[in-house]
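Overview (structure and organization)
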Amino acid sequence: MPLDPATQKIRAFDQVGTRPLRPDGLDKVTGRARFGADATAPGMLVGRILRSPHAHARIRSIDATKAEALPGVKAVVTSKDFADRSDDLRDILVNIMARGKALYEGHTVAAVAATSASVARKALKLIKVDYEVLPHVTDVDLAMEPDAPLLHDDLITSGVEPVPTKPSNIARKIEFGHGDVDKGFAEADLVVEREFKTEATHQGYIEPHACLASVGSDGQGELWVCTQGHYMVRDVCAQLLGMDVSKLRVTASEIGGGFGGKTTVFIEPVALALSRKAGRPVKVVMTRDEVFRASGPTSSTSMRMKIGVKKDGRITALDALLKYQGGAFAGAPVDYGGMAGVACYDYPNIRVVGYDVVTNRPKQAAYRAPGAPMTAFAVESVIAEIADTLKLDPIEMRLKNAAKEGTKSAYGPTFGPVGLVETLKAAKAHPNYKVKLGKNQGRGIASGFWFNFGGQTCVSLNLNIDGTLALAVGTPDIGGSRASMCLMAAEELGIPYENVRAIIADTSSLGYNDVTDGSRVTFASGMATIHAARDAIKKLCGRAAKVWGIPEEAVVWEKGFAKPSGANAGNFEPMSLKELAANAAKTGGPIAGHYEYNAENAGPSFATHVVDVEVDPETGFTKVLRYLVCQDAGKAVHPSYVEGQFQGGAVQGIGWALNEEYIYGADGRLQNAGFLDYRIPVASDLPMIDTAIVEVPNPGHPYGVRGVGETSIVPPMAAVSNAVSHAVGIRLTESPMSPPRILKALGEQAARKAG
Amino acid sequence: MVRVKLGGTLKTWAGGQTEFDVEATNIREVLDRLGEAHPRLKPLLEKGVAVAIDGEIYRNAWFQPVTPANEIYLLPMLAGG
Amino acid sequence: MAGTHVKTTINGDSVEYVCEADETLLDVLRNRLALTGAKEGCGTGDCGACSVTVDGRLVCSCLVLGVEAEGRNVATIEGLAQGEHLHPLQRKFLEHAALQCGICTPGFLVAAKALLEKNPDPSEHEIRFWLAGNLCRCTGYDKIVRAVQDAAAEMRGGRHAA
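Residues numbered from 1 in each chain as written. Chains lettered and ligands numbered in written order. Predicted model: local features only at pLDDT ≥ 70, side-chain atom pairs only at ≥ 80, totals over all residues. Heavy atoms only, no water.

1. What to know about the interface of chain A and chain C
With 52 residues of chain A at the contact, the number on the chain C side is 44 residues. Around 3900 Å² of area is buried between chain A and chain C when both sides are counted, 59% of it from carbon and sulfur atoms. Among the residues of chain A in contact with chain C, Val29(A), Ile206(A) and Met688(A) are the three that bury the most area, contributing 19% of the side total. Here chain A is connected to chain C by four salt bridges. Lys143(C) is paired through a salt bridge with Glu643(A); the nearest N and O atoms lie 2.6 Å apart. For the interface between chain A and chain C, the tally reads 23 residue pairs in polar contact (both at pLDDT 80 or more). Among the elements of the structure, helix H1 (25-30), helix H4 (117-126) and helix H18 (639-658) of chain A are those that each provide at least two residues to the side of chain A that touches chain C. If you tally residues by element for the side of chain A that touches chain C, the top one is H18(A), at nine residues. Of the residues in the side of chain A that touches chain C, the class split is 26 nonpolar, 18 polar and eight charged. (Contact = heavy atoms within 4.5 Å. Buried area = accessible area lost by both parts, 1.4 Å probe. Salt bridge = Lys/Arg side-chain N within 4 Å of Asp/Glu carboxyl O. Polar contact = N/O pair within 3.5 Å; in protein donor to acceptor, adjacent residues only side chain to side chain. Helix = DSSP H or I, 4+ residues; strand = E, 2+ residues; numbered from the N terminus. Nonpolar A, V, L, I, M, F, W, Y, C, P; charged D, E, K, R; others polar.)

Pasting the structure below:
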């Protein structure tokens, strides 16, 4: 149910939609902002982690006596310092500290706390781990083979009937769809079927994981950490360490990027365990090498995509097989990734079968629209090939099939008001779509979708003595969300933006908040802020009513003032927020607005991207000439940061498409665990990223806001692939389309022509 | 009676059945009735599923009303980045 | 390990410290001098988050040893603003929303300042190649490049000579 029926009309705003400076900006341009690694504490020790050099190995024993005896070493922890468990947190427990087996290269096996980094490094070398090296598997297709090395001898595939009797590396089979695909393909005039592969990528946040833990002998603990969700960190850590949740207070530092990768715990429980054992604060900061080897990358995938169409381009059926490996534990996002990846179109018949597969790689973590870009790459590549074959304009082809209000979605439910058609039209109308291309150049189009989430949210808005407001939110600000919160509070209260100051409160100051994920913050914390402001307004009107001696209902709030609702209410001078604040002590005490809820109806966001590239046939190097993102934001609260989300997601997708990949050796070790060899896009790789904000209001939000953070990474892999394919005249089906892959495809094409 | 459809793989735990008519006025009752009818579904429903009502996705909302006029879909729990 | 005594100048102030022989300038700045504006994103000179200048030359402080600062003139992000007056680059980064998470921002500002000192009127191409040693994962660089262009134009106009 829309919380505010008034939003059905597009309303005018005073402040929402403007571009003020962000409240945390000054600290961030002066170096004052305190990130994960920037905190210190008296008596602080340095924590370092010992990691498995093997992709798969039984741990026969760990001998830390020499390390413990080294002067300056204050604590060593291993899996023995964490109680085993059999609940939902067991995979996390085993991932943060190997138990019995090391499941991937980089898997934590022990940790030390010492008086300096150099002592800690020496201590790690003195820990003797006796490994029995086991056969390993890192490739998704090989991991599914019946004779593949087995990671977990108790993993039985779920979702299969009858239930398998033998363990395998296939954690889950998933399936969704509707209609009859065989009938659909029989009706088709053209059927295209292709196989695709995508490599694993890393979220690549510039700030490595970092935390400062302090646990006292009274059992109380504090944790300073860069995370997307400090409440999640508190709850998970308290359980893994056997602490009462109330005894652990977690403060979210400024966070140097996350993109989904900081929605779980890695070093935090280890730092707390070290601190508890040493009786002193312990800071643990990952190196970049550790970030690559031991924190969550995405899934790599292997897919088959078959789409049938009528001559006019209307889709009759889609049939897909998706295989996602998610590292050493179940949880590859093949289900909702697959659902989102196929969500752009209206399919009379669709069947998607997917497998969630474990391999000897680090446990995958969410990465911006988890799982969707890979399936979208396959869908949008086949759609592009069909449009080429049928000589249809690629945008017209998509418009013909686009999901819109009333379309039965590929994953089941019927769509409400959504903006895919609007983004396609915006793309078509944009000057970039009309630029004439030259030799070795190609244009690619792709669309994308993400569900968007709401979730548990809680905010507090406190009125200060001078009429300014302190806004406490519980969702870490990862890309400028404090500015959006202040805008929405100011809009509701009718006061200047500068008069609201937002902070991210620690876990002891507010009720539970879900992590900053699913593009939820501007939507959910924003809606909570609006309702907290309305709660405060109600109380403010009550105070004015008391002062005037009239009923509360006879007072209205308008642009920062309490006013009598009409002539009958009485003739009183409007009372400003400032006056009400100054008199708060005499009229009943502090005034605050609160709101806590579970936000639903986030409203999905669709996007269409258009990219032009030029491929050098000599080197296989692809240059991005121009790039356009058209995306539905529902209502852009702070358009600069909405554009920033569009641009940032697009460029991450360009990196995925052209360069980024986890490269494994035959020994199961990652060969490119650094920014030199794992190459994310740099400024000189890119043009300006053009944007067009489409606004189809979300009926589930008082201002019509939709989340915008994730959808922007869904289309680029496909859009770039389509552009490269047009530039070189060969359909590319493996990502990244790095120079060696493009040269190989060009070589094969030349050989075919010659042969 | 409301009509409930199982999206995705959930049908595997319901003997392949994808549509159910249950006596329910809110999401909690939908989940309770389905769990009673299909005990193998119960642990999954308790662990968490998303429910789409007329296309709007609810991840945790026991008391969200449902009526026979609604389109009700059960989906796997979603996670994001 | 015996420490080495170092005398240097940081942001115009005389500074003395003792550091270990294998300690980087970045570690000295962050851990001994509480100048945490320079960030460690990689420790291998690939990300530029630790950018500072030494005698006016742009360097990754993770690739410079603390002892190498002896007798030099080090400038960090903490010295960019003059009192309460922000450098034009700092203002333009804010106005253009050229930061999202902000972890790479100090490095970009130090690097961009070094560019504008050498070349007050850089082309977009020159800006992009000069800043290619600074990684940003949030913005896609668009707004960063625009902020640098705008700051350069303002500084050329002489309205806010810095």
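There is more to say, and it comes next.
2. Notes on the side chain of Glu600(A)
Along the polypeptide, Glu600(A) turns up in the loop between strand E23 (592-599) and strand E24 (605-615). For the buried residue Glu600(A), which engages in no salt bridge, the nearest side chain bearing the opposite charge is Arg59(B), 5.7 Å off. Non-local contacts of Glu600(A), meaning those with residues more than four positions away in its chain, are made with Phe523(A), Ile57(B), Tyr58(B), Arg59(B), Asn60(B) and Ala61(B). (Buried < 20%, exposed > 50% of the residue type's maximum accessible area, 1.4 Å probe, protein only. Lys, Arg positive; Asp, Glu negative; His and termini not counted.)

3. Quick look at the packing of helix H2 (residues 88-95) of chain C against helix H3 (residues 105-118) of chain C
Two measures define how a pair of helices packs: the angle their axes make with one another and the distance between the axes. Residue and element names in this part refer to chain C. In contact at an axis separation of 10 Å, H2 and H3 are set at 130° when each is read in the N-to-C sense. Accordingly, the angle class assigned to the pair H2 and H3 is oblique. Note that H2 runs across H3; the crossing there is right-handed. Contacts between H2 and H3 involve Leu89, Gln90 and Phe93 from the first element and Thr105, Phe108, Leu109, Ala112, Lys113 and Leu116 from the second. Class assignment for the residues of the contact of H2 with H3 results in six nonpolar, two polar and one charged. (Axes fitted to C-alpha atoms, helices over the stretch in contact; angles between N-to-C directions. Parallel < 35°, antiparallel > 145°, perpendicular 65-115°, else oblique. Left-handed = near helix turned anticlockwise from the far one by under 90°.)

4. Some points on the interface of chain B and chain A
The figure often quoted for interface size is the accessible area lost as the parts come together. Each partner contributes to the interface: chain B provides 26 residues, whereas chain A provides 38 residues. Summing both sides of the interface, chain B and chain A together bury roughly 2400 Å²; the carbon and sulfur share of this comes to 52%. Here chain B and chain A share one salt bridge between them. Across the salt bridge formed by Arg40(B) and Glu161(A), the nearest N and O atoms sit 2.8 Å from each other. For the pair chain B and chain A, the interface holds seven residue pairs in polar contact (both at pLDDT 80 or more). Within the residue set of the side of chain B that touches chain A, elements represented by two or more residues are strand E4 (56-58) and strand E5 (72-76) of chain B. Here the residues of the side of chain B that touches chain A are counted per class, giving 11 nonpolar, eight polar and seven charged.

5. Some remarks on the sheet that holds strand E2 (residues 13-19) of chain C
Residues and elements named next belong to chain C. Judged by pairing direction, the sheet is mixed, and its five strands sit side by side in the order E2-E1-E5-E3-E4 without closing on themselves. On the outer flanks of this sheet lie E2 and strand E4 (57-60), each paired with one strand and no other. Here the average twist between neighbouring strands, direction ignored, is 40°. Sheet strands in contact with helix H1 (residues 25-32) are strand E1 (4-10), E2, strand E3 (51-54) and strand E5 (73-75), and its direction is about 100° off that of E2. The strands that H3 touches are E3 and E4; relative to E3, the one it contacts most, it runs at about 40°. (Pairing = 2+ DSSP bridges.)

6. What about the domain arrangement of chain A?
Residues and elements named next belong to chain A. In terms of domains, chain A is made up of domain 1 (5-33 + 454-599) and domain 2 (419-444 + 605-755). Contacts between the two partners involve 28 residues from domain 1, matched on the other side by 21 residues from domain 2. Between domain 1 and domain 2 the total buried area reaches about 2000 Å² when both faces are included, carbon and sulfur atoms providing 61% of it. Counting across the domain 1 and domain 2 interface gives one salt bridge. (Domains from an automatic or database assignment.)

7. Quick word on the confidence of the model for chain C
Low-pLDDT stretches of the model should not have their predicted coordinates read in fine detail. When pLDDT is averaged across chain C, the result is 96; 96% of the residues are at 70 or more. Two numbers describe this predicted complex: its pTM, 0.96, and its ipTM, 0.97. (pLDDT = per-residue confidence, 0-100.)

8. Quick look at the environment of Ile103(C)
As for its placement among the helices and strands, Ile103(C) is situated in the loop between H2 and H3. Sequence spacing of Ile103(C) and Gly37(C) is 66 residues, and the spatial spacing of their C-alpha atoms is 8.9 Å. Apart from the residues lying within four places of it in its own chain, the contact partners of Ile103(C) are Phe35(A), Ile206(A), Glu207(A), Gly256(A), Lys39(C) and Ala49(C).

9. Things to note about H2(C)
The buried count for H2(C) comes to six of eight residues, which makes it a mostly enclosed element. Within the span of H2(C), buried status applies to Pro88(C), Leu89(C), Gln90(C), Lys92(C), Phe93(C) and Leu94(C). Looking at the buried side of H2(C), the elements it contacts are H1 of chain A together with H3 and helix H5 (142-156) of chain C. In the segment just after H2(C), Ala97(C) is the residue with positive phi, at about 55°.

10. Overview of the domain arrangement of chain C
All names here are of chain C. In terms of domain boundaries, chain C breaks down into domain 1 (4-79) and domain 2 (88-156). Look at where the C-alpha atoms of domain 1 and domain 2 centre, and you get two points 21 Å apart. Listed per partner, the contact involves 12 residues of domain 1 and 12 residues of domain 2. Summed over both sides, the interface of domain 1 with domain 2 buries roughly 930 Å², with 68% coming from carbon and sulfur. The three residues of domain 1 that bury the most area against domain 2 are Cys47, Leu58 and Ile77, which together make up 46% of that side's buried surface. At the junction of domain 1 and domain 2, the tally comes to zero salt bridges. The interface formed by domain 1 and domain 2 includes four residue pairs in polar contact (both at pLDDT 80 or more).

11. Overview of the sheet that holds strand E12 (residues 282-285) of chain A
Sheets are built from strands that pair by backbone hydrogen bonding, the pairs being arranged parallel or antiparallel. Residues and elements named next belong to chain A. Taken in spatial order, the seven strands line up as E3-E5-E1-E12-E9-E10-E11 in an open sheet, and their pairing is mixed. In this open sheet, the two edge strands, each paired with only one partner strand, are strand E3 (73-77) and strand E11 (248-252). Along the sheet, successive strands turn relative to each other by an average axial angle of 20°, direction set aside. Along the sheet, H4 contacts strand E1 (45-51), E3 and strand E5 (108-114); its crossing angle with E1, the most-contacted strand, is approximately 25°.

12. Some remarks on the nonpolar core
Met305(A), Ile307(A), Leu318(A), Phe451(A), Tyr627(A) and Phe93(C) are the most contacted members of the largest nonpolar core, which has 195 residues in total. The leading source of residues in this core is helix H11 (residues 372-390) of chain A, at 10 residues. Ranked by size, the runner-up nonpolar core spans 54 residues in total, among them Met488(A), Leu493(A), Trp548(A) and Ile550(A). (Core = buried A, V, L, I, M, F, W, Y, C linked by side-chain atoms within 4.5 Å.)

13. A short note on the packing of aromatic side chains
Tallying each qualifying case throughout the model produces 24 aromatic pairs over all chains. Both rings, one in Tyr595(A) and one in Tyr597(A), keep their centres 5.0 Å apart while their planes meet at 55°; by these two values the pair is tilted. Assessed through its relative accessible area of 22%, Tyr595(A) is described here as partly exposed. Residue Tyr597(A) is classed as buried on the basis of its relative accessible area, which comes to 15%. Looking at Arg34(A), its charged tip hangs above the ring of Trp224(A), at a distance of 4.7 Å from the centre. Between the NZ or CZ atom of Arg59(B) and the centre of the ring of Phe453(A), over which it lies, the distance is 4.2 Å. (Phe/Tyr/Trp six-rings, centres within 6.5 Å; stacked < 30°, edge-to-face > 60°. Lys NZ or Arg CZ within 6 Å of the ring centre and 35° of its normal.)

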